[in-house]
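# Chain and residue survey
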Amino acid sequence: MSAPDVPSVVVSHPGVQQSYETAAGLQSSGLLHRFVTSIYRRGDLDARRYPWRLLPARQRGMVLSGVRRRWHPAIDARRVQTIALPFLAARGAAEVLDGIGLSRFHGIEQWGDAGFDALVARALPRAGATQVHAFEGAALCTLRAAKRRGLRTVLDVPSAHEYNIAIAEAEAAATGGRRARRFGSSARVQSERREADVIVTPSAYVSRCLLTYGVDAAKIVEIPFGADPELYMPPAPTSTSGRFVLLDVASINHRKGTRYLLRAWRELALPDAELVLAGAPDDAGRRVLAEYEGSYRHLGQVAGVELPELFRSASAFVLPSLAEGSALVTYMAMASALPVIVTEDAGSVATDGREGWVVPSCDVEALKAKILHLYNHRAQGAEMGAAGRRTIEQRYTWGHYHRRITALHRAIHDGSDITRAVAEAGEESVLTRAA
C-alpha cells in the first residue's frame, strides 16, 4: 500500500501544555489523524452530573477549572481519543498524599504518565497515520510502537529536564530544605530522545540543555510557543504616575526563583506599589511566602479564564525563573502590552532593552535595578509593553505556531530540510500579516 500524499499525524499527551495547540494547528491544515489525551471536554460542564460533584467545594472548583481548559474550538472532537484511567488514578493519589503531608512522593504523577504512554502505544492506528508527535515523559512506549509500524516520530520537549532537576536540588541545598523531588525518570527521558527522529524545543535554552546531555544537534528543531492577542489585550490607557503593580504568574517553588524576587521587592520598599503573586506554592514555596509575609499579595492558583483580566490589571510583569522551557506566561504578558523582566533562563522571546529586561538568574541586585527603572520610568515601560505586543502579533501568535508545526510535519513527510521549512513558515506568516 502506497504512503499517503500528505502527512497524517497522531498527537499524544496526557496533559495540556501546548499540546492542544499542536493538535489544533495540524487539524487546521488537515494533517491531524488523531489526538490522544487523558481528558477532553466534549460538551457543557454540569457539576451535578459528574463524579467530582462529591468532592468538597474547593477541590471541586479546582477540578472544574482544569476540565474547562481541556477543549479547543479548532479541534474536531471526533478525532479525539481519551485514555483517562492512569492520569486520574495518579492525580488522585497525588492529592491524597499531599493532603496527608506526603507531597514529596508526588513522583506518582510520572507513573500515571508512563501508564498513559503504555496504553497509547497499544492503541496506535495500524493504518492511515504517517507520523507521531508525543511529549517528553509520556512518549517512550508510543515512540517505540510507532517505529515498529514504520511511522516517523517527533518528541516534543517543552522544558530543560536536567537543568530543572539540577536547579531545584541546588536551591534546596542552599536553603537547607529537603532534597527536591525528581521530575520523572532521567533514564526514561534520555531513552525517549534516542528513539525520536526529530526533537522539538521551544527555545535556545532547552536546545542547549539537550546538546549538553548528548543529543545530536541535527535532531533538534526550535519552534517557539505563542499567545492569543485577541484574548490577551492591553489595558485601557491610564496615567503613568498611579499605583505600580508588578505581577508574577508562576508556581511558587525553588525553580521559579520566587525567593530572589521577594527579597528584591522587600529591599526596594517602593511607595504606592504592590507585588502580586499568582500561583500555587509547594512546600518550599510555602516557607518562602511565610518568610516574606506582608510584602506581597498572593492570589493562589488563578483559573485560566481569569488570566487575561489579571494581566490587564498590572503595570509590569516579572518572571525570575532559574530554569524554564519557554514560559507561556511571558507570551501572555507581552501580548497584554506589559513590559517584562525575565531571567536569561526563562526561555522568553523578549529582547533585553526592547520589550523589557533580561537579567541573570539569582541576581537580586539586577532584579531591583530593573524593577526600580520601570517604577521610575512608566512612559518607557509603556513603550516597551507596546513593543512586546507588536512582537507577539508579528511572530508569536498561536497562528504562527500552527504554521510552524504544520511546516515541520510536512517537511518530515516529504524528506525536505526541516529547519529551513520551519523558518520559512515563520517568515511567511510575518510577510502575510504585513501585506
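As shown above, the structure is provided for reference.
Described in the following lines is the structure provided in the data block.

### Here's the deal with the packing of helix α6 (residues 161-174) against helix α7 (residues 186-195)
Packing of α6 against α7 brings their axes to within 11 Å, and their N-to-C directions diverge by 160°. It follows that α6 is roughly antiparallel to α7 by the angle criterion. The crossing of α6 and α7 is left-handed. Across from His 161, Glu 162 and Ile 165 in α6, the residues of α7 making contact are Ser 186, Val 189, Gln 190 and Arg 193.

### Let's talk about the sheet that holds strand β12 (residues 340-343)
Spatial strand order, β10-β9-β8-β11-β12-β13: 6 strands in an open sheet with parallel pairing. Edge positions in the sheet fall to β10 (297-300) and β13 (356-359), since each of these pairs with one other strand and no more. Ignoring which end each strand starts from, the neighbouring axes of this sheet average 20° apart. Where β12 and β13 come together, 4 bridges link them in parallel fashion. Residue Val 340 lies in a different strand from β13, and its bridge partner there is Gly 356. Contacts from helix α9 (residues 258-268) reach β8 (244-249), β9 (273-278) and β11 (316-319), with the element oriented near 165° to β9.

### Let's talk about the sheet that holds strand β7 (residues 220-222)
One open sheet holds the 7 strands; their spatial order is β3-β2-β1-β4-β5-β6-β7, and the pairing between them is parallel. The sheet terminates laterally at β3 (80-82) and β7, the two strands that pair on one side only. Here the strands of the sheet are splayed against their neighbours by 20° on average, with no regard to which way each runs. Pairing analysis gives 5 bridges linking strand β4 (residues 131-135) to strand β5 (residues 152-156), with the strands arranged parallel. Pairing of Val 132 across the sheet is with Thr 153, part of β5. Lying on the sheet, helix α15 (residues 398-414) is in contact with β1 (9-12), β4, β5, β6 (198-201) and β7; it crosses β4 at an angle near 130°.

### Overview of the pattern of salt bridges
Counted under the stated rule, the structure contains 22 salt bridges. Put simply, Arg 188 and Glu 192 hold a salt bridge, and the shortest N to O gap is 3.7 Å. Residue Arg 188 and its partner Glu 192 are both found in helix α7; the two are separated by 4 residues, about one turn of the helix. When its relative accessible area of 18% is taken as the criterion, Arg 188 is described as buried. A salt bridge links Glu 267 to Arg 263, with the shortest nitrogen-to-oxygen separation between them at 3.0 Å. Taken together, the positions of Glu 267 and Arg 263, both in helix α9 and 4 residues apart, correspond to about one turn of that helix. Given a relative accessible area of 39%, Glu 267 falls into the partly exposed group. When salt bridges with common partners are traced through the structure, they connect Arg 263, Glu 267, Glu 365 and Lys 368 into a single cluster.

What counts as what
For every chain, the first residue of the written sequence is number 1, and numbering continues from 1 along that sequence. Under the rules for a predicted model, residues below a pLDDT of 70 receive no local features and side-chain atom pairs below 80 are neither given nor counted, while totals for whole chains, interfaces and linings still include all residues. With hydrogens and water excluded, all non-hydrogen atoms of the structure serve as input to the side-chain values. Axis definition: a line fit to C-alpha positions, over the contact stretch in the case of helices; interaxial angles, taken between N-to-C directions, run 0 to 180 degrees. We count a stretch as a helix when DSSP gives it H or I for four or more residues in a row; a strand needs E for two or more, and each element gets its number in order from the N terminus. Roughly parallel here means an angle under 35 degrees, roughly antiparallel means over 145, roughly perpendicular means 65 to 115, and every remaining angle is called oblique. Crossings are assigned a handedness: left-handed for a near helix turned anticlockwise from the far helix by less than a right angle, right-handed for a clockwise turn. Residue contacts follow a heavy-atom distance rule, with two residues in contact if any of their heavy atoms lie within 4.5 Å. Whether two strands pair comes down to DSSP finding at least two bridges between them. By definition here, a salt bridge exists when the distance from a side-chain nitrogen of Lys or Arg to a carboxyl oxygen of Asp or Glu is within 4 Å. The buried label goes to any residue with under 20% of its type's maximum accessible area, the exposed label to any with over 50%, and the partly exposed label to all in between, with areas taken from a 1.4 Å probe on protein chains only.

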